[in-house]
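Survey of secondary and tertiary structure
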Amino acid sequence: MRLYPTLITDALATVRYPGNGKNLVENDMIADDIRIDGDSVSFTLIFDKPTDPFMKSMSKAAETAIHTYISPDIKVTVNTASRQPAPAQAAPLLPGVKNIIGVSSGKGGVGKSTVAANLAVALAREGYKVGLLDADIFGPSMPKMFGIEDEQLYIHDVDGRQMIIPIERYGVKILSIGFLVDKDKAVLWRGSMASNALKQLIGEADWGELDYFLIDMPPGTSDIHLTLVQTLAMTGVVVVTTPQEVALADARKGISMFQDDKVNVPILGLVENMAYFTPAPHPEERYYIFGREGGIRLAEKLGVRLLAQIPLVGTIADSGDNGAPVALTDSITGHAFAHLAHEVIDAVAERNSTLPPTQKVELKH
């Protein structure tokens, strides 16, 4: 059988568009690009919108019409186009950031912020580009820990947008709500105000290219956590606890929040902070003040990595108070945080090789 364009359009005239009951020819939906090559035919159907709900069914109906009214042996290729351009995709929020890692804890007082600060410094010492967001809205501590409490924030123009410039210290780019409020007064904000401030520090800051973007999250579970997982596609979470049973119980609840089907953020591992007391002059001695190896047991029970056991040494707190995280030093605690950084690097690499990219959480009421 010899094929020619009129034969094709006659067959397509038998296909009616459900939106108005008219056929494809009457709706002027057949583009002027019919191609015939032996027993092969290709053409394009034009729809008003790129999101037309009948696009797939009309393509299938057009193919069926060719087979029914001309020949079932014809190879049919149906392309689609729209009169309206496809909606522009929103630019990714942090296009230069490779991995977004939350540092969380089930309760306060377990040293979460100390771990976050020292992990950031340890990663930077390994040569990685690191950012650190202090998302603990009501208890920001990063300005103190990095000795930048009196620093002023500035903005500059990036592709026509006014962007906040993070403050850089020890190779880490840092932003905190602490830069925007009086350090000696409580932050009296409703949840929505805190969430909006957090979104601004994330989306209106010039973070640039980062290998690791760490987020010091508030303790427990709150609407701030929901804001973060809805705003960012997080690579995973590091959970901090102490060996104490009360802390372990709260850590278990925090982990369950991230593992919930609606949230589904991977757990990179558990950090047992204040695992044991070691006197600085006698690094070989260990005293288990808050219990022994509770973090190990919890990690085994939940099937997650134990990333590190950080000893309780006075220099850790002193270094944070003095604005120079202990991870900057070649001490027993400095080495502990260097080990943690290596374990986090390995955990992220394993997560990225075995799991699909994380998606932002879509929570519906």
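Preceding this paragraph is the structure being described.
What this report covers is the structure whose coordinates are included nearby. (Residues numbered from 1 in each chain as written. Predicted model: local features only at pLDDT ≥ 70, side-chain atom pairs only at ≥ 80, totals over all residues. Heavy atoms only, no water.)

1. Here we look at the pattern of salt bridges
What counts, and what does not: Salt bridges are identified by distance alone: a Lys or Arg side-chain nitrogen within 4 Å of an Asp or Glu carboxyl oxygen. Each helix is a run of H or I in the DSSP string that is no shorter than four residues. Each strand is a run of E no shorter than two, and both are numbered from the N terminus. Each residue's exposure class comes from its accessible area (1.4 Å probe, protein chains only) as a fraction of the maximum for that residue type: buried when under 20%, exposed when over 50%, partly exposed otherwise.
Scanning the model with the defined rule gives ten salt bridges in all. Across the pair Asp-330 and Arg-125 runs a salt bridge whose closest N-O atoms are separated by 3.7 Å. Of the two residues, Asp-330 is situated in the loop between α9 (314-321) and α10 (332-354) and Arg-125 in helix α3 (residues 112-125); the sequence distance between them amounts to 205 residues. Given the relative accessible area of 66%, Asp-330 is considered exposed. Given a relative accessible area of 46%, Arg-125 falls into the partly exposed group. One salt bridge connects Arg-169 with Glu-151, and the closest N-O pair in it is separated by 3.6 Å. Within this pair, whereas Arg-169 is found in strand β8 (residues 167-169), its partner Glu-151 is found in the loop between α4 (142-145) and β6 (154-158), the two being separated by 18 residues in sequence. You can call Arg-169 partly exposed: its relative accessible area is 25%.

2. Side note on the sheet that holds β8
Going by this rule: By this definition, two strands are paired if DSSP reports at least two bridges between them. For helices, the fitted line uses only the C-alpha atoms of the stretch in contact; every axis is such a line through C-alpha atoms, and the angle between N-to-C directions lies from 0 to 180 degrees. By the convention used here, residues are in contact when the closest approach between their heavy atoms is within 4.5 Å.
Taken in spatial order, the eight strands of this open sheet run β8-β9-β5-β10-β4-β11-β12-β13, and their pairing is mixed. The sheet terminates laterally at β8 and β13 (306-312), the two strands that pair on one side only. For this sheet, the mean angle separating the axes of adjacent strands, direction not counted, is 25°. In the sheet, strand β5 (residues 130-134) pairs with strand β10 (residues 210-216) via five bridges, with the strands oriented parallel. Across the sheet, residue Leu-132 finds its bridge partner in β10, namely Leu-214. Sheet strands in contact with helix α7 (residues 245-259) are β4 (97-105), β11 (236-241) and β12 (267-277), and its direction is about 170° off that of β11. Lying on the sheet, helix α8 (residues 294-302) is in contact with β12 and β13; it crosses β12 at an angle near 160°.

3. Some thoughts on the packing of α7 against α8
Here is the rule: Orientation is classified from the angle alone, with under 35 degrees giving roughly parallel, over 145 giving roughly antiparallel, 65 to 115 giving roughly perpendicular, and any other angle giving oblique. Handedness of each helix crossing follows the sense of rotation of the near helix against the far helix: counterclockwise by less than a right angle gives left-handed, clockwise gives right-handed. Asp, Glu, Lys and Arg are counted as charged, while Ala, Val, Leu, Ile, Met, Phe, Trp, Tyr, Cys and Pro are counted as nonpolar; the rest, among them Gly, fall into the polar class.
The N-to-C vectors of α7 and α8 enclose an angle of 30°; their axes lie 10 Å apart at closest approach. Relative to α8, α7 is oriented roughly parallel. For the element pair α7 and α8, the recorded crossing hand is right-handed. Contact residues: Glu-245, Leu-248, Ala-251, Arg-252 and Ile-255 in α7; Gly-294, Gly-295, Arg-297, Leu-298, Lys-301 and Leu-302 in α8. Counted by class, the contact of α7 with α8 contains five nonpolar, two polar and four charged residues.

4. Here we look at the sheet that holds strand β2 (residues 40-47)
The three strands are arranged β1-β2-β3 in an open sheet whose pairing can be described as mixed. Here the strands that pair on one side only, and so sit at the sheet edges, are β1 (35-37) and β3 (75-82). Going across the sheet, the axis of each strand differs from the next one's by a mean of 20°, ignoring polarity.

5. Points about the packing of aromatic side chains
Centre-to-centre distance and the angle between the planes together describe a pair of aromatic rings. Under the convention used in this document: Two rings from Phe, Tyr or Trp (for Trp, the six-membered ring) form a pair when their centres are within 6.5 Å of each other. A pair whose planes differ by under 30 degrees is stacked, one over 60 is edge-to-face, and the rest are tilted. Whether a charge sits over a ring comes down to the Lys NZ or Arg CZ being within 6 Å of the ring centre and within 35 degrees of the ring normal.
Enumeration according to the criterion identifies six aromatic pairs in this entry. Residues Tyr-17 and Phe-54 carry aromatic rings whose centres are separated by 5.5 Å and whose planes lie at 85° to one another, so their mutual orientation is edge-to-face. Of this pair, Tyr-17 sits in the loop between α1 (5-12) and β1 while Phe-54 is found in the loop between β2 and α2 (55-69), placing the two residues 37 residues apart along the sequence. Using a relative accessible area of 14% as the deciding quantity, one classes Tyr-17 as buried. Owing to a relative accessible area of 28%, Phe-54 belongs among the partly exposed residues under this scheme. Here Phe-277 and Tyr-287 contribute two aromatic rings whose centre-to-centre distance is 6.3 Å and whose plane-to-plane angle is 40°, an arrangement assigned as tilted. Here Phe-277, found in strand β12, pairs with Tyr-287, found in the loop between β12 and α8; they are ten residues apart in sequence, far enough to count as distant. Exposure remark for Tyr-287: the relative accessible area of 43% places this residue in the partly exposed category. Residue placement shows Arg-169 over the ring face of Tyr-170; its charged tip is 6.0 Å from the ring centre. Its guanidinium or amino end placed over the ring of Tyr-276, Arg-286 lies 4.1 Å from that ring's centre, counting from NZ or CZ.

6. Things to note about the side chain of Asp-216
Put simply, the rule reads: Here a polar contact means two N or O atoms within 3.5 Å. Within protein one must be a hydrogen donor candidate and the other an acceptor candidate, and residues neighboring in sequence count only if both atoms are side-chain atoms.
Note on placement: Asp-216 falls in strand β10. A polar atom in the side chain of Asp-216 sits 2.7 Å from the side chain of Lys-112.

7. As for empty space enclosed by the protein
In plain terms, the rule: A cavity, in this analysis, means grid points on a 1 Å lattice covering only the protein atoms where a 1.4 Å probe fits yet has no way out; a pocket is instead an open set bounded by protein on both sides within 12 Å along at least five of seven lines, and a residue lines either one if it has an atom within 4 Å of a point. Grid points are joined across faces, edges and corners, and a volume is the space filled by probe spheres set on the points.
Tallied over the entire structure, the rule returns one cavity of 30 Å³ or more. As a volume, the largest cavity reaches approximately 40 Å³. Every residue lining the largest cavity is listed: Thr-114, Ala-117, Asn-118, Met-145, Ile-316, Ser-319, Gly-320, Pro-325 and Val-326. For the lining of the largest cavity, the secondary-structure elements that each account for two or more residues are α3 and α9. Residues belonging to the lining of the largest cavity are distributed by class as follows: five nonpolar, four polar and no charged.

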